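# Coordinates in review
Listed here are the chains, written in short residue letters.
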Amino acid sequence: MVYVVYDRRGGVDEYVVHALAGLREHAARILVVVNGKLTPEGRARLEPVSDEVLVRDNVGFDIWAHKEALEHVGAGLSEFDEVVLTNDTWFGPVRPFGAVFERMDALEIDFWGMTDHAREVPNPFTGKGVLPYHLQSFWIAVRRSMFTSERWARYWQDLPEMPGYRDAVLGHELVFTSVFRDAGFVDGVAS
């Protein structure tokens, strides 16, 4: 599990600790990536609910934090059945995660999201064309069949720089699902 945190003050809010505690029983390893700074108090809040805390410059949004985390774990990623790439933009759990993981584990899929977004015409970010159907990037779970593939490695290697929010949406969130669907991987959605 890779969980990205951003707080301009370097703090860690209670909802982050609550989310990580709720994920703990479902994750063999939790790597928290902090975009920007982390105070000693913030670190003290993260350490009991994570296995490792990685602090990095706040560049490239959550996507580049995920990229750095995947590079940090390296070949060790192949020891896991599934990796969840998530962040601190959601609140929960309201109920335990067990039922969601059980339901998704039963599906013959390569990756899944907690929620999805419908296709839209025109694309609200560009004012033209199509905003494609996609899994929302705040929670993407990927199984070994996909994260050990050459296509997965190439995706992260070729990931463009993301200096702005619009770049992150157009360069990652809106293309991730279709890139891997087009490569033959099967997706699902929990909601």
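Placed above this text is the structure.
Presented here is an overview of the structure given in this document. This structure is a prediction, so every number in the text was calculated from the model and none was measured. (Residues numbered from 1 in each chain as written. Predicted model: local features only at pLDDT ≥ 70, side-chain atom pairs only at ≥ 80, totals over all residues. Heavy atoms only, no water.)

### Some details on the pattern of salt bridges
Summed over all chains, the structure comprises 12 salt bridges. In this structure, the salt-bridge partner of Asp105 is Arg143, at a minimum N-O distance of 4.0 Å. Of this pair, Asp105 sits in helix α4 (residues 98-105) while Arg143 sits in strand β8 (residues 139-143); the two residues are 38 residues apart in sequence, bridging distant segments of the chain. For the salt bridge of Arg181 with Asp187, the shortest nitrogen-to-oxygen distance reads 2.5 Å. It is possible to trace a salt-bridge network through shared partners that takes in Asp7, Arg9 and Asp13. (Salt bridge = Lys/Arg side-chain N within 4 Å of Asp/Glu carboxyl O. Helix = DSSP H or I, 4+ residues; strand = E, 2+ residues; numbered from the N terminus.)

### Considering the sheet that holds strand β5 (residues 111-113)
If you trace the seven strands from one edge of the open sheet to the other, you get β3-β2-β1-β4-β8-β5-β9, paired in mixed fashion. Two strands close off the open sheet at either side, each with one partner strand: β3 (52-56) and β9 (187-189). Adjacent strand axes in the sheet meet at a mean angle of 20 degrees, parallel and antiparallel pairs treated alike. Here β5 runs beside β8; their pairing, made up of three bridges, is antiparallel. In the sheet register, Trp112 faces β8, and the bridge partner there is Ala141. (Pairing = 2+ DSSP bridges. Axes fitted to C-alpha atoms, helices over the stretch in contact; angles between N-to-C directions.)

### So, the packing of helix α6 (residues 150-157) against helix α7 (residues 165-182)
Packed helices, taken two at a time, are described by the angle their axes make and the gap between the axes. As a packed pair, α6 and α7 sit with axes 12 Å apart at the nearest point and diverge in direction by 165 degrees. Compared by their axis directions, α6 and α7 come out roughly antiparallel. Read as a crossing pair, α6 and α7 show a hand that is right-handed. Along the contact surface, α6 presents Arg151, Trp152, Tyr155 and Trp156, while α7 presents Gly171, His172, Val175, Phe176, Val179 and Phe180. (Parallel < 35°, antiparallel > 145°, perpendicular 65-115°, else oblique. Left-handed = near helix turned anticlockwise from the far one by under 90°. Contact = heavy atoms within 4.5 Å.)

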